[in-house]
Amino acid sequence: MSERLEPPKRYNREAENNEPRERKKPARERRSIIKTRNATQLKKSDILTVGGMDIPFFAIVIALVTIGLVMLFSATYPYALQKKNNSYYFFIRQLAFAVVGVIIMLIVSKMNYRLLRRVVLPLTAGTIGLLGLVLFYHTKVSGGFKRWIPFGPVTIQPSDIAKFTIVVLLADYISKNYKRMKKPIDGVVKPLAIIAVFCGLIFLEHHNSGVILVFCIGAVMMFCGGSNWKLFAVGAGLVIALAVFVVLNPNVMMNYAGERIEAWLDKDFDPLGARWQTNNSLYAIGSGGFFGAGLGNSKQKFLYVSEPQNDFIFSIVCEELGFAGAALIILLFALLFIRGLMIAMKSKDRFAALVVVGIVAQVAIQTIFNILVVTDTIPNTGIALPFFSYGGTSILMLLFEMGVVLSISRTTNQRKV
């Protein structure tokens, strides 16, 4: 006898447990919650950047640092032995700062340069604070100079930090107000006011060369940022007129600055004082000839060129390496500037492009002024030669800035060599 088959019963968990089944939230709602949560957090991609850095720029920097260290030791060991009782005094300290600086450069090259825009205000406030602090708390140096803040065994020169800060601050301002840069107020008055604050504080340190550098860097930033070229030309004319007035009336400057101008105008002025360093610099350059006396064979570094580790180190370079060696070093500086401009032009971010232009312009301006000083083309202004002159703050800030340029180079689409 056949049995009647009944359809199977569907298993119903809700009916059995008498519990309503929890409905899943729509996918759109879940995504919005995730988006809200991440919006308040700093993602890894916001901190680090990807892509290969510009190898030619990196190689040029390393070459300049290496040659600079070699020439610093060669130029300073007699002076270091006489003054510090240690021939390696300046070299060891500069080498330590350079090693730390290269490490910092590599770390900064991996950081996202856009972080600079987030710290513009703290960076500006900190720099202005240091420029104000050095006026009251500084190393005791004759001549009324107030340039270095002592921190234990090391000193910090706030004007070196100010050169980088003015670049970042103006790059941020120009990129935010680019469409209004043709207007007199937004394109000239406000940027000049920013520059005037930094220049005024540095002037109070009795640091005329720092004032000149910061003003020139700011002027380059304004010009590249789109300031009205007619107003810019008028301003440049006024600056030139002021410079001519000061040269013709050196007594309006502070004592040491006025004496340096007089010594530049009159080659027989105070040969054992104001003209001593410049005259011996010219002797060193002239005796170098085309191929130089050879590395380590300078005679003028034996206490003739005073403080050869600083502003006049290039004269020792010319004496030992000759015209050929000096030309090669100048070529390296030129390639650094050109490669930096290539990185800036390839950048798709106006802020990044302006930062790179400001940094490489700073190096170029310092190099040009230093060479003009040691060749007696302009009065002695006390401007250091980048990567060569002794100074911990200087080499650290330079390599930090090179790291910023390398970071920006990672975001460009240019072919890496």
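Just so we're clear, the structure is a prediction, and the values are computed from it rather than from any experiment. (Residues numbered from 1 in each chain as written. Predicted model: local features only at pLDDT ≥ 70, side-chain atom pairs only at ≥ 80, totals over all residues. Heavy atoms only, no water.)

1. Points about the packing of helix 15 (residues 350-374) against helix 16 (residues 392-409)
One can describe the packing of helix 15 onto helix 16 by two numbers: an axis separation of 10 Å at closest approach and a directional angle of 145 degrees. Seen along the crossing, helix 15 lies across helix 16 with a hand that is left-handed. Residue-level contacts link A352, V355, V356, I359, Q362 and V363 of helix 15 to L398, E401, M402, V404, V405 and I408 of helix 16. (Axes fitted to C-alpha atoms, helices over the stretch in contact; angles between N-to-C directions. Helix = DSSP H or I, 4+ residues; strand = E, 2+ residues; numbered from the N terminus. Left-handed = near helix turned anticlockwise from the far one by under 90°. Contact = heavy atoms within 4.5 Å.)

2. Some points on the nonpolar core
With 87 residues, the main nonpolar core has F57, V61, I166, L336, F387, F388 and M402 as its most contacted residues. Counting residues per element, this core draws most heavily on helix 15, at 14 residues. In this view, M402 contacts F57, V61, M105, L336, I359, V363 and F387; residues no more than four positions away in its chain are not counted. (Core = buried A, V, L, I, M, F, W, Y, C linked by side-chain atoms within 4.5 Å. Buried < 20%, exposed > 50% of the residue type's maximum accessible area, 1.4 Å probe, protein only.)

3. Concerning unusual backbone geometry
Even without being glycine, L303 reaches a positive phi, approximately 70 degrees. The residue L303 is located in the loop between helix 13 (276-288) and helix 14 (313-346) in this model. In this structure, F387 takes a positive phi of about 75 degrees despite not being glycine. Topologically, F387 is positioned in the loop between helix 15 and helix 16.

4. Some remarks on the state of the cysteines
A full pass over the atoms with the stated rule returns zero disulfides. Of all cysteine sulfurs in the structure, the one in C199 sits closest to C216, which takes part in no disulfide; the separation is 8.9 Å. What makes C216 partly exposed here is its relative accessible area of 22%. (Disulfide = S-S within 2.5 Å.)

5. Thoughts on the packing of helix 5 (residues 89-110) against helix 16
Viewed as axis vectors pointing N to C, helix 5 and helix 16 meet at an angle of 20 degrees, and their least axial separation amounts to 8 Å. In terms of orientation, helix 5 and helix 16 fall into the roughly parallel class. Helix-helix and strand crossings are classified by hand; for helix 5 and helix 16 the assignment is right-handed. Contacts between helix 5 and helix 16 involve Q94, F97, A98, V100, G101, V102, I104, M105, V108 and S109 from the former and G392, I395, L396, L399, F400, M402, G403, V404, L406 and S407 from the latter. Partitioned by chemical class, the residues of the contact of helix 5 with helix 16 number 14 nonpolar, six polar and no charged. (Parallel < 35°, antiparallel > 145°, perpendicular 65-115°, else oblique. Nonpolar A, V, L, I, M, F, W, Y, C, P; charged D, E, K, R; others polar.)

6. Brief notes about the packing of aromatic side chains
Overall, the coordinates contain 12 aromatic pairs when judged by the stated rule. Note on Y79 and F90: the rings are 6.1 Å apart at their centroids and 25 degrees apart in plane angle, and the pair reads as stacked. Of this pair, Y79 sits in helix 4 (residues 55-84) while F90 sits in helix 5, and the two are 11 residues apart along the sequence. Across the ring face of F351, the terminal group of R117 is positioned such that the distance to the ring centre comes to 4.8 Å. (Phe/Tyr/Trp six-rings, centres within 6.5 Å; stacked < 30°, edge-to-face > 60°. Lys NZ or Arg CZ within 6 Å of the ring centre and 35° of its normal.)

7. What about a nonpolar patch on the surface?
A contiguous nonpolar surface patch, about 550 Å² in accessible area, is contributed by Y88, I92, L95, V99, I103 and I107. With respect to the secondary-structure elements, Y88 resides in the loop between helix 4 and helix 5. In this structure Y88 comes out as partly exposed when scored by relative accessible area, which is 48%. (Patch = residues over 30% accessible without salt bridge, like charges linked within 9 Å, V, L, I, M, F, W, Y side chains within 5 Å. Areas by Shrake-Rupley, 256 points an atom, 1.4 Å probe, with all protein chains shown as cover. Salt bridge = Lys/Arg side-chain N within 4 Å of Asp/Glu carboxyl O.)

8. Re the environment of K176
Inspection of the secondary structure puts K176 in helix 8 (residues 158-176). Sequence separation between K176 and F351 is 175 residues; the distance between their C-alpha atoms is 8.7 Å.

9. A look at the pattern of salt bridges
Summed over the entire model, instances satisfying the criterion amount to nine salt bridges. Residue D172 is joined to R117 by a salt bridge in which the shortest nitrogen-to-oxygen separation is 3.1 Å. Of the two residues, D172 is situated in helix 8 and R117 in helix 6 (residues 115-118); the sequence distance between them amounts to 55 residues. A salt bridge links K176 to D172, with the nearest nitrogen and oxygen atoms 3.2 Å apart. Note that K176 and D172 are positioned in helix 8 at a spacing of four residues, about one turn of the helix. When its relative accessible area of 56% is taken as the criterion, K176 is described as exposed. Accessibility expressed as a relative area gives 8% for D172, which makes it buried. Salt bridges sharing common partners tie together R117, D172 and K176.

Any functional reading would require information that these geometric values do not contain.
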